[in-house]
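Structure assessment
Here is what each chain is made of, one letter per residue.
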Amino acid sequence: MTGEMLRVVLIGGTSHTGKSTLARVVAERLGFECRSTDTLARHPGRPWPVPGWELPPHVADHYRTLSVEELIASVLGHYARLRPRIEELVAGRVADGDGPGLVLEGSALWPAAVAGLVGPGTAALWLTAEEAVLRDRIRRGGRYTEADEDGRYLMDAFLARSVRYQELMLEDLDRLGLDRLDAGHGRTAEELADAVLAARCVPGRRPAGGGSRTDPRGAG
């Protein structure tokens, strides 16, 4: 940042880039609160069961019946509806100079929607990862090799949506000149946090250690 006090760090990106883990590390180092945009409102998320949670039929149907572009339209519409709540949350934390700062992460931080929030007291960056990295993380998380044919189809649909989301996100980042950070190549959350805090996400400046522009056509 420049001379003003940092109050809010926004971390966006498609699913499985490591936003949540990075946000926790950055928040711990800064002594900030850490929150996810998922806590503001839910949208059909990962279409596979995890211990203690069964996949709801409506979530499975969402990925089973919609095309990639329909999935994108659905999630971006959801994020647009969240925008006023995100703006209110950020503005309130910037105005409150006495309480703890905030690290807010989530895919709902769409570049064009939150670009106007980046300024005095607020920094932002977006995590990216190659398609192969996203595929590996999603398939490991969903236990792809153990899933049946339908389960694999749902994971593949989720991956396709995640990849397409990132392609569109990268176009927005390039157009707006916002910061990105490559979360692949085996980099740990601690190493990524080092890069974030070294650069402090100054608008128009790439974070240190892998924040170069990426061709959206080859990104994942």
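Definitions and limits used
Residues numbered from 1 in each chain as written. Predicted model: local features only at pLDDT ≥ 70, side-chain atom pairs only at ≥ 80, totals over all residues. Heavy atoms only, no water. 1 Å grid on protein atoms, 1.4 Å probe; cavity = no way out; pocket = protein on both sides within 12 Å on 5 of 7 lines; lining within 4 Å. Points joined across faces, edges and corners; volume = space filled by probe spheres on them. Helix = DSSP H or I, 4+ residues; strand = E, 2+ residues; numbered from the N terminus. Phe/Tyr/Trp six-rings, centres within 6.5 Å; stacked < 30°, edge-to-face > 60°. Buried < 20%, exposed > 50% of the residue type's maximum accessible area, 1.4 Å probe, protein only. Core = buried A, V, L, I, M, F, W, Y, C linked by side-chain atoms within 4.5 Å. Contact = heavy atoms within 4.5 Å. Pairing = 2+ DSSP bridges. Axes fitted to C-alpha atoms, helices over the stretch in contact; angles between N-to-C directions. Lys, Arg positive; Asp, Glu negative; His and termini not counted. Salt bridge = Lys/Arg side-chain N within 4 Å of Asp/Glu carboxyl O. Polar contact = N/O pair within 3.5 Å; in protein donor to acceptor, adjacent residues only side chain to side chain. Nonpolar A, V, L, I, M, F, W, Y, C, P; charged D, E, K, R; others polar.

Some details on empty space enclosed by the protein
Any empty space left between the atoms is revealed when a probe the size of a water molecule rolls over them. Evaluation of the coordinates by the stated rule reveals one cavity of 30 Å³ or more. Computed from the structure, the largest cavity encloses a volume of approximately 30 Å³. The wall of the largest cavity is formed by Tyr-79, Arg-83, Ile-86, Ala-108, Ala-113 and Val-114. Listing elements by their share of the lining of the largest cavity, those giving two or more residues are helix H3 (68–95) and helix H4 (111–114).

Description of the environment of Leu-178
With respect to the element layout, Leu-178 can be found in the loop between helix H6 (149–176) and strand E5 (180–182). When the C-alpha atoms of Leu-178 and Pro-111 are compared, they prove to be 7.7 Å apart, with 67 residues separating the residues in sequence.

Observations regarding the packing of aromatic side chains
Following the criterion strictly, the structure yields four aromatic pairs and no others. Each ring, one from Tyr-79 and one from Tyr-165, has its centre 6.3 Å from the other, and the planes form 90°; the classification is edge-to-face. Of this pair, Tyr-79 sits in helix H3 while Tyr-165 sits in helix H6, placing them 86 residues apart in sequence. Per residue, the accessibility class of Tyr-79 equals that of Tyr-165, and both read buried. Grouped by ring-pair contacts, the aromatic residues Trp-48, Tyr-63 and Phe-158 constitute a single cluster.

A look at the nonpolar core
Of all hydrophobic cores here, the largest spans 26 residues; its most connected members are Leu-10, Ile-86, Leu-104, Leu-109 and Trp-126. Listed by contribution, the elements that provide at least two residues to this core are strand E1 (8–13), H3, strand E3 (102–105), strand E4 (122–128) and H6. With seven residues, the top contributor of residues to this core is H3. Beyond its immediate sequence surroundings of up to four residues, Ile-86 is in contact with Thr-37, Leu-40, Leu-104, Ala-108, Leu-109, Val-114 and Leu-117. In terms of nonpolar packing, the next biggest core, distinct from the first, is built from 19 residues, Leu-22, Leu-127, Leu-181 and Ala-183 among them.

Some thoughts on the sheet that holds strand E2 (residues 33–36)
Paired through backbone hydrogen bonds, the strands of a sheet run either parallel or antiparallel to each other. Across the sheet, five strands lie side by side as E2-E3-E1-E4-E5; this open sheet has parallel pairing. What marks the edges here is a single partner per strand, and that holds for E2 and E5. In this sheet, adjacent strand axes meet at a mean angle of 25° when their direction is disregarded. Across four bridges, the pairing between E1 and E3 is parallel.

Notes on the side chain of Asp-182
Within the fold, Asp-182 resides in strand E5. In this structure Asp-182 is buried but unpaired, with Arg-187 as the nearest side chain of opposite charge at 5.9 Å. Here Gly-184 takes part through its backbone nitrogen, which lies 2.9 Å from a polar atom of the side chain of Asp-182. A distance of 3.1 Å separates a polar atom in the side chain of Asp-182 from a polar atom in the side chain of His-185.

What about the environment of Leu-134?
With respect to the secondary-structure elements, Leu-134 resides in helix H5 (residues 131–142). On a C-alpha basis, the gap between Leu-134 and Ser-15 in space is 7.9 Å, while along the polypeptide they are 119 residues apart.

Details of the layout of surface pockets
When its volume is computed, the largest pocket comes out at roughly 910 Å³. Lining the largest pocket are 43 residues, and of these Ser-15, His-16, Asp-38, Arg-46 and Phe-158 lie nearest its centre. If you list the elements that add at least two residues to the lining of the largest pocket, you get helix H1 (19–30), helix H2 (57–65), H3, H6 and helix H7 (189–199). Taken together, the residues of the lining of the largest pocket break down into 17 nonpolar, 17 polar and nine charged. Taken together, 16 residues make up the lining of the second largest pocket; nearest its centre are Trp-48, Pro-49, Val-50, Gly-142 and Arg-143. Looking at the lining of the second largest pocket, the elements that each hand over two or more residues are H5 and H6. Considering each element in turn, the lining of the second largest pocket owes the most residues, four residues, to H6. Taken together, the residues of the lining of the second largest pocket sort by class into nine nonpolar, three polar and four charged.

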